[in-house]
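Chain residues, written in single-letter form:
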Amino acid sequence: IDVNPEPIIATTGASEAVAFTLNSICDAGDEIIIPEPFYANYSGFAAASSINVIPVVSLFEDQFCLPAIEEIESKVTNKTKGILICNPSNPTGYLYSKEEIEALGDLALKYDIFLIVDEVYREFIHDDHTEHYSVLQSEKLNDHAVMIDSVSKRYSLCGARVGCMVTRNKALIKNALKFAHLRL
């Protein structure tokens with residue numbers, strides 16, 4: 001993925017990157033749609049900022065694949081600011097396909113919301129026939145995509161607490177930097 005330094009905000013782990021992202025795109029009472037089951041701390045990050053998590057259930061019987069786009073779309077309201085996924089998923093391990101990422105991206109474009117993808121597990125794919133598709137690979141999503149990353153999983157450095165938020169949306173970077181400076 002071709003990324004210059006400008007769209008990268010270094011953070012204290014991926015957790016802080018998620019918090020910066022949510023606080024930069026949402027006000028209290030806004031909503032984030034997340035396929036469930038999801039990483040439990042997403043609820044905590046949202047609750048800390050009075051952001052409502054709107055779950056969309058993915059099923060064991062379907063190997064936790066992305067719920068139908070129509071079902072996700074039915075959850076979008078005027079309070080929805082984004083869709084958040086972890087790819088591959090924590091806790092299910094499900095790897096979202098390029099087609100699923102693009103379908104979510106089309107929703108983000110249609111409703112002018114963000115597609116936030118936590119990609120900290122992208123190198124943990126144990127299938128030689130499957131490749132990870134990053135949200136940053138889709139040029140049409142340049143203003144709507146946010147990628148969350150961390151070294152903690154990839155290098156087994158949980159204590160290092162080094163992560164980042166990456167987006168090509170200049171207004172979002174500016175907002176996130178303001179939020180980051182408020183926390184200093």
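Check the entry above for the structure.
Structure report, in brief. Keep in mind it's a predicted model, so treat the numbers as computed, not measured. (Residues numbered from 1 in each chain as written. Predicted model: local features only at pLDDT ≥ 70, side-chain atom pairs only at ≥ 80, totals over all residues. Heavy atoms only, no water.)

1. As for the packing of helix 1 (residues 13-25) against helix 2 (residues 41-48)
Item 1. Contact geometry of helix 1 with helix 2 gives a least axis separation of 10 Å together with a crossing angle of 40 degrees. Between helix 1 and helix 2, the angle is such that the two are oblique. As for the relative orientation of helix 1 and helix 2, their crossing is right-handed in sense. Of the residues in helix 2, those touching helix 1 at Ser15, Val18 and Leu22 are Tyr42, Phe45 and Ala46.
Item 2. In terms of residue class, the contact of helix 1 with helix 2 is built from 5 nonpolar, 1 polar and no charged. (Axes fitted to C-alpha atoms, helices over the stretch in contact; angles between N-to-C directions. Helix = DSSP H or I, 4+ residues; strand = E, 2+ residues; numbered from the N terminus. Parallel < 35°, antiparallel > 145°, perpendicular 65-115°, else oblique. Left-handed = near helix turned anticlockwise from the far one by under 90°. Contact = heavy atoms within 4.5 Å. Nonpolar A, V, L, I, M, F, W, Y, C, P; charged D, E, K, R; others polar.)

2. Here's the deal with empty space enclosed by the protein
Item 1. Going through the model one piece at a time under the given rule, you end up with 1 cavity of 30 Å³ or more.
Item 2. Looking at the largest cavity, its volume works out to about 50 Å³.
Item 3. In this structure, the largest cavity is lined by Ile34, Pro35, Pro37, Phe38, Tyr39, Tyr42, Leu84, Ile85, Cys86, Ser89, Asn90 and Tyr96.
Item 4. Considering each element in turn, the lining of the largest cavity owes the most residues, 3 residues, to strand 4 (residues 80-86).
Item 5. Per-class residue counts for the lining of the largest cavity are 10 nonpolar, 2 polar and no charged. (1 Å grid on protein atoms, 1.4 Å probe; cavity = no way out; pocket = protein on both sides within 12 Å on 5 of 7 lines; lining within 4 Å. Points joined across faces, edges and corners; volume = space filled by probe spheres on them.)

3. Brief notes about unusual backbone geometry
Item 1. For the bond from glutamate 36 to proline 37, the omega torsion is 10 degrees, close enough to zero to count as cis.
Item 2. Along the chain, proline 37 falls in the loop between strand 2 (31-36) and helix 2.
Item 3. For the bond running from asparagine 87 to proline 88, omega is -5 degrees, close enough to zero to count as cis.
Item 4. Relative to the assigned elements, proline 88 resides in the loop between strand 4 and helix 4 (98-111).
Item 5. Residues other than glycine seldom take positive phi values, yet serine 50 does so here, at roughly 55 degrees.
Item 6. The class for serine 50 is partly exposed, based on a relative accessible area of 44%.
Item 7. If you check the backbone angles, phenylalanine 64 has positive phi at about 65 degrees while not being a glycine.
Item 8. Take phenylalanine 64: it is sitting in the loop between strand 3 (52-57) and helix 3 (69-73). (Buried < 20%, exposed > 50% of the residue type's maximum accessible area, 1.4 Å probe, protein only.)

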